[in-house]
Amino acid sequence: MKKVLIIGKNSYIAKKFMSYISNRKDTKIEVGGVSASNGEWRETSFKGYDSVLFLAGKVHQKETSENKKEYDEINYKLAVSMAKKAKNTGVKQFIYMSTAAVYGNGGQERGNVIIDENTPLVPETAYGISKRKAEIALLQLEEKYNQEMKVCIVRPPMVYGDNCPGNFMRLWKVALKVPVFPLIHNKRSMIAIDNLCEFLYQMIMKEKRGIYHPQDKEYVETSKLVGYIRKQKGKGILYVKMFNAILRVLVKKVGVVEKVFGDYKYKKEISEYEGVVYQKYRMKDVVRKIL
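Treat the numbers as computed from the prediction; the structure is a model and nothing was measured.

Conventions we followed
- Residues numbered from 1 in each chain as written.
- Predicted model: local features only at pLDDT ≥ 70, side-chain atom pairs only at ≥ 80, totals over all residues.
- Heavy atoms only, no water.
- Patch = residues over 30% accessible without salt bridge, like charges linked within 9 Å, V, L, I, M, F, W, Y side chains within 5 Å.
- Areas by Shrake-Rupley, 256 points an atom, 1.4 Å probe, with all protein chains shown as cover.
- Salt bridge = Lys/Arg side-chain N within 4 Å of Asp/Glu carboxyl O.
- Helix = DSSP H or I, 4+ residues; strand = E, 2+ residues; numbered from the N terminus.
- Buried < 20%, exposed > 50% of the residue type's maximum accessible area, 1.4 Å probe, protein only.
- Axes fitted to C-alpha atoms, helices over the stretch in contact; angles between N-to-C directions.
- Parallel < 35°, antiparallel > 145°, perpendicular 65-115°, else oblique.
- Contact = heavy atoms within 4.5 Å.
- Nonpolar A, V, L, I, M, F, W, Y, C, P; charged D, E, K, R; others polar.
- Pairing = 2+ DSSP bridges.
- Right-handed = clockwise from strand over helix to strand, strands pointing away.
- Core = buried A, V, L, I, M, F, W, Y, C linked by side-chain atoms within 4.5 Å.
- Left-handed = near helix turned anticlockwise from the far one by under 90°.
- Arc of directions from axis to C-beta.
- Phe/Tyr/Trp six-rings, centres within 6.5 Å; stacked < 30°, edge-to-face > 60°.
- Lys NZ or Arg CZ within 6 Å of the ring centre and 35° of its normal.

**With respect to a nonpolar patch on the surface**
Where nonpolar side chains cluster on the molecular surface, the patch consists of M242, F243 and I246 and spans about 340 Å² of accessible area. One can find M242 in the loop between β11 (238-240) and α7 (244-250).

**A look at the pattern of salt bridges**
Tallied over the full model, the rule gives 20 salt bridges. Of the charged contacts in the structure, one is a salt bridge between E73 and K77, with a shortest N-O distance of 3.4 Å. Placement of both E73 and K77 in helix α2 (residues 68-88) is noted, with a separation of four residues, approximately one turn of the helix. We classify K77 as partly exposed; its relative accessible area is 39%. A salt bridge links E135 to R155, with the nearest nitrogen and oxygen atoms 2.8 Å apart. Within this pair, whereas E135 is found in helix α3 (residues 126-144), its partner R155 is found in the loop between β6 (150-154) and β7 (158-160), the two being separated by 20 residues in sequence. We note that E135, like R155, is buried.

**What about the packing of helix α1 (residues 12-23) against helix α5 (residues 193-205)?**
Between α1 and α5, the least distance of the axes is 9 Å, while the angle of their chain directions is 70°. Of the possible angle classes, the one that applies to α1 and α5 is roughly perpendicular. Seen from α1, the contacting residues are Y12, I13, K16, F17, Y20 and I21; seen from α5, they are I193, D194, L196, C197, E198, L200, Y201 and I204. Looking at the contact of α1 with α5 residue by residue, the classes come out as 11 nonpolar, no polar and three charged.

**Re the pairing of strand β2 (residues 29-34)**
As judged from the six bridges shared by strand β1 (residues 2-7) and β2, these two strands associate in the parallel manner. Residue K3 lies in a different strand from β2, and its bridge partner there is E30. Read as a crossover between parallel neighbours, the route from β1 over α1 to β2 is right-handed.

**What to know about the nonpolar core**
Judged by nonpolar contacts, the single largest core of 52 residues is most densely connected at I13, F168, L196 and L200. Of the residues forming this core, the biggest block, eight residues, is contributed by α5. Apart from the residues within four sequence positions on either side, I13 is in contact with L55, M97, V159, I193, L196 and L200. Of all hydrophobic cores here, the second largest spans 27 residues; its members include I7, V34, F54 and V80.

**Description of the packing of α2 against α3**
Two elements in contact, α2 and α3, have axes separated by 8 Å at closest approach and are oriented at 20°. Judged by the inter-axis angle, α2 sits roughly parallel to α3. Considering the relative orientation of α2 and α3, their crossing is right-handed. Packed against α2, whose contacting residues are K68, Y71, D72, N75, Y76, A79, V80, A83 and K84, the element α3 presents A126, Y127, S130, K131, K133, A134, A137, L138 and L141 at the interface. In terms of residue class, the contact of α2 with α3 is built from 11 nonpolar, two polar and five charged.

**Some remarks on the side chain of T44**
Inspection of the secondary structure puts T44 in the loop between β2 and β3 (51-54). You can call T44 buried: its relative accessible area is 17%.

**A closer look at helix α9 (residues 283-290)**
Buried residues of α9: M283, V286 and V287, and no others. Summarising the axial view, the buried residues of α9 lie within an arc of 100°, below the 170-degree limit, and thus occupy one face.

**Focus on the packing of aromatic side chains**
Aromatic rings in a pair are described by how distant their centres are and how their planes are angled relative to each other. Enumeration according to the criterion identifies 10 aromatic pairs in this entry. Considering the side-chain rings of F54 and Y96, the 5.7 Å spacing of their centres and the 25° angle between planes classify their relative orientation as stacked. Linking F54 in strand β3 with Y96 in strand β4 (residues 93-97), this pair joins segments that are 42 residues apart in sequence. Here F54 falls in the buried class, since its relative accessible area comes to 0%. Judged by centre distance (5.9 Å) and plane angle (65°), the ring pair of F199 and Y212 falls under edge-to-face. Here Y212 lies in strand β10 (residues 210-212) and F199 lies in helix α5, a separation of 13 residues in the sequence. Three or more aromatic residues joined by ring pairs form one cluster here, namely F199, Y212, Y273 and Y278. Note that R24 overlies the ring of Y201, its terminal NZ or CZ placed 3.8 Å from the centroid. Seen from the ring of F46, K85 lies directly overhead, with NZ or CZ sitting 4.6 Å from the centre.

Here it is in structure tokens:
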């Protein structure tokens, strides 16, 4: 039985992971959790834990010049402090939840981004920049410690599931209200929360180190997603193409339009790992579960 300490126990992913582990019949993990925001971690001993899973973070908030420092303090400096404490108390693995935002648009045209093993890391937001700084510092620590503590960095795309914060549930609410929707064939990488939980479980059990890009097996097409949500609620939908020309222009200029209708995907090959089977759920499974 492996012992895992979650930092940021009140985050969405942390709550879902703890629930996933408790409901997994063959689990070989014992999970504990502490809050990062109230300083509880400072009074908590990391001794006896095999892995520390860092799920604390500042995200899903409008970025301003005033709060940029907070992204650095939480996503970067706090993570490094935790990693040092983990190493000093004998923890063998530190898992850091990063993000696809460390790529920004990868030097590519907005709304038409595909990420592979050669894509440059050019984060554009305070969130992405702070996460990338943490990645660099953690990898440097691992090298300094001669891999005595393995560092595992996970860069998921948009995480979705029931009651998840962020753009997925916003789109869900729109889908239930709007019977007419643009028909644009885009592709976006996303990952169901249960797929991410299974991936983390395997990272812990296999004591993995390195950088990982988990995603669902299938890309998501926004128009089809909206249509499927409405269908499951017994509602029809009328797809229209009359706005497509305008939307294709806006995708390259307006962030919210880019996130809804643009392409932003991981090349599928970078999300496949030998001996790691985690893509158990499809978008349709998650929609039915939510409903």
